[in-house]
Amino acid sequence: MEIKKQIETLRAELRQYNYEYYVQDNASVSDFEFDKKLEQLKALEASHPEFADLSSPSLRVGGEITKNFKTVKHINRMYSLDNSYDENDLKDWETRNRKIVDGDIQYVCELKYDGASISLHYEQGKFVQAVTRGDGSQGDDVTANVRTIKSVPLQLQGDNIPEKFEIRGEIVLPWDGFHKMNEEREEQGLELYRNPRNTASGSLKLQDSSVVASRPLECLLYQLVGDNLPFETQYAGLEAARSWGFKVPQESELVSGVDGVLDYVQKWDERRKDLPYETDGVVIKINSLRQQEELGFTAKAPRWAMAYKFSAEQVSTILEEITYQVGRTGAITPVANLQPVEISGTTVKRASLHNADQIERLDIRVNDTVHVEKGGEIIPKIVAVDLLQRPDYSEPTTYATHCPECNTALERKAGEAQHFCPNDIGCPPQIKGRIQHFISRKAMDIDGIGSETVDQLVEAGMINNYADLYDLTADDILPLERMAQKSAENLVQGVEASKQVEFERVLFALGIRYVGETVAKKLAHHYNSMDKLMAMPASDDSESDDLFSSVDDGSAFAKAEKIQELIAIPEIGERIAESVVDFITDEKHREIIGRLKHHGLNMKLSEKQLEGQTDILASKSIVVSGVFEMSRTDLKKLIEKNGGKVSSSISSKTDYLIRGEKMGPSKLEKAEKLGVEMISEAEFLELIAN
Ligand SMILES: NC(=O)c1ccc[n+]([C@@H]2O[C@H](COP(=O)([O-])OP(=O)(O)OC[C@H]3O[C@@H](n4cnc5c(N)ncnc54)[C@H](O)[C@@H]3O)[C@@H](O)[C@H]2O)c1
Ligand SMILES: [Zn+2]
């Protein structure tokens, strides 16, 4: 009974972890812990065959399908891989293989790329479909998303291309792209992505393929699947695929025997650090396809292949203190201060704890002995707590309640992982951070001021916000330490030159939470000017002339309306909309924006940027429903470019309903009832062509 219970508990836990890892792309335990539990389960199941269960996580491919995409049944199942951890595991595998197959065995060693598995289908040399692994028998149809990945060839070239085949591979996010995405997250005050694997896998599941297109994903291929493939070995298959235009990594090697495999593993355990993407091991495959066929598959994995995991670099140390960092936008990051310890040649003193949930999940406490891993991430992380070493006096961690910099009570919005300090104008790191962001290269790009100068200016009480920069004179700043006449003049000139910067970058520079470069651009082109962005819907339909005056108190209604107006813009979600409205209705921000305007910064799109825009649809409210020839995003863009307003729901104020295929019956009914004019996509195009 006891054992049965133990097995059941492990199965339930592993199922939950699989779900978090594959479906939610948000693992709550480390791979280390997951693998340990899986091993434990396998051992128990092996010694107690009476509790066998075909649906045990030990026998199944981990993933699941989601409801967001069309489900596709795999023509050829997609398997996971069995793992080996040392030379003996490999030798056992070799012995088993020799018993089953005749003749010499050659192995292909490949790197094990850490991303999301994918199967690409080709017919007559054309890309037709991409399906995720899902649960192995069926997956999600993510064709539209995968089509945006530049390394996926849409049309193959070369000889002997089979009429119809599948090719398996991994969608990965190279380090460069991953870091770049995180820089943007940081600018927007969002929680950073944890690792490239999660991010790649999460990207594939996005609903809007134009967002996927903006992510620097790559697709690395490693296996052809199909009937009558025109070659006899795995290695020849890789070469053929490469010649047809697939991105097949060059690192694979043909070896004979376990010794050759071990040499390869050793070599790449070192060299992988220089690769542009993350790898977590080596995959060893039997080269001969005939021998592969003889060996076949288990329920979970091919018998002709084996993974060999690189050992993650892990050490244990004592957690001495938890401190809290305040970011530019006020986001709080808890940091573990560790007893210094060496990992792979560097001394580690600090590790990220991500957020309050993470601390709670792992029950991390001060004075704990913790396992620290320096895996893919640049910042080492705590993967587990050694509970056996926990001192008796230990107490659960209580998360900080107040800002360590300005002592303001911390806030946490529903559904968000991160706490933040709401004192955006008075919290020192936020004051400095906002100004530093304002002058940064992608924002106002002000030459002549470095971040140290900003610190100096703030500490000397000469500036408190970015508008103050425009009041500075060379004489003001000259008394600052290490400030020469020339640098003072450069600074003032740099500030002056920034008045030429385009509106969309000015908007980005303001540092509105969640408004990164892309969102700023979108808002700038939607509204064309700061005045229009800031204009609050008025009850009497007449816009106030005095836009920089305060928003009066009875404005909750106007705020809600404004939020709706913003949400109707493609790709602007509720969170962004609320943040923008909070910002533009805040008295202090309105005053600062007013001053920037007064100093002559660009507060509207230039003539050149406005080109191609018309006002054919000016003040028309348009609802789009159903499936169209062009993408919905493009359709909405066209409406906006021509001055129209896209609205998400039908009301008496709706001017047109553009009706696509498969439109929902309730929308149709409502439109008919309200007498809204319905037009087709073609009619719409005609309308704006005039
Ligand atoms: N932390 C968690 O909660 C959690 C939960 C589930 C799984 N995991 C981790 O995920 C891993 C198990 O996942 P899995 O079942 O996807 O197996 P896996 O990732 O260990 O190996 C199988 C996969 O390797 C990929 N692969 C990469 N390069 C390849 C190559 N050259 N040839 C063939 N395949 C290649 C394929 O996509 C294949 O599906 C374990 O390491 C486990 O720790 C963690
Ligand atoms: Zn603060």
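Residues numbered from 1 in each chain as written. Chains lettered and ligands numbered in written order. Predicted model: local features only at pLDDT ≥ 70, side-chain atom pairs only at ≥ 80, totals over all residues.

Our working rule: UniProt positions are given in the numbering used here, feature names are shortened, and annotations may be inferred rather than shown by experiment.
As named in an unreviewed UniProt entry, the protein is DNA ligase, taken from Nonlabens ponticola. Listed in UniProt under the heading Sequence similarities (unreviewed entry), the comment for the protein reads: "Belongs to the NAD-dependent DNA ligase family. LigA subfamily." The UniProt entry for the protein carries this comment under Catalytic activity (unreviewed entry): "NAD(+) + (deoxyribonucleotide)n-3'-hydroxyl + 5'-phospho-(deoxyribonucleotide)m = (deoxyribonucleotide)n+m + AMP + beta-nicotinamide D-nucleotide."

### Some remarks on the UniProt feature "binding site: NAD(+)" (unreviewed entry) in the protein
Here is the rule: Runs of E in the DSSP output that reach at least two residues are strands. Runs of H or I that reach at least four are helices, and both are numbered from the N terminus. Whether a residue is buried, exposed or partly exposed follows from its count of other C-beta atoms within 10 Å of its own C-beta, namely 20 or more, 12 or fewer, or something in between, respectively; the C-beta atoms are built from the backbone. Each residue is represented by a C-beta atom placed from its backbone, and any two residues with such atoms within 7 Å are regarded as in contact.
As recorded in UniProt, the sites labelled "binding site: NAD(+)" (unreviewed entry) are Asp31, Phe32, Glu33, Phe34, Asp35, Ser80, Leu81, Glu110, Arg133, Glu170, Lys285 and Lys309. Inspection of the secondary structure puts Asp31 in helix 2 (residues 31-47). Since 18 C-beta atoms lie within 10 Å of it, Asp31 is described here as partly exposed. Mapped onto the elements of the fold, Leu81 is located in the loop between strand 1 (71-73) and strand 2 (83-84). Leu81 gets classed as partly exposed once you count the C-beta atoms within 10 Å, which come to 18. Filtering out sequence-adjacent residues up to four positions away, Leu81 remains in contact with Val283, Ala301, Ala305, Met306 and Ala307.

### Some details on the UniProt feature "active site" (unreviewed entry) in the protein
With numbering aligned to this structure, UniProt lists the feature "active site" (unreviewed entry) at Lys112. Summarising the element assignment, Lys112 is placed in strand 3 (residues 107-113). Once you skip the residues sitting within four places of it in the chain, Lys112 turns out to touch Thr279, Asp280, Gly281, Val282, Val283 and Ala307.

### Some thoughts on the pairing of strand 19 (residues 656-659)
Defined as follows: At least two DSSP bridges between two strands are needed for those strands to be called paired. Orienting the strands away from the viewer, one traces the path from the first strand over the helix to the second; a clockwise path indicates a right-handed crossover.
Side chains Tyr656 and Ile658 of strand 19 all project onto a buried face; the interleaved residues Leu657 and Arg659 project onto the opposite face, where all are buried too. Both strand 17 (residues 621-625) and strand 19 contribute to a ladder of four bridges, which runs parallel. Pairing of Ser625 across the sheet is with Arg659, part of strand 19. Of the pairings in the sheet, the one linking strand 19 to strand 20 (residues 677-679) comprises three bridges and is parallel in character. Across the sheet, Leu657 pairs through a bridge with Met678, a residue of strand 20. Each parallel crossover has a hand, and the one from strand 19 via helix 24 (residues 665-674) to strand 20 is right-handed.

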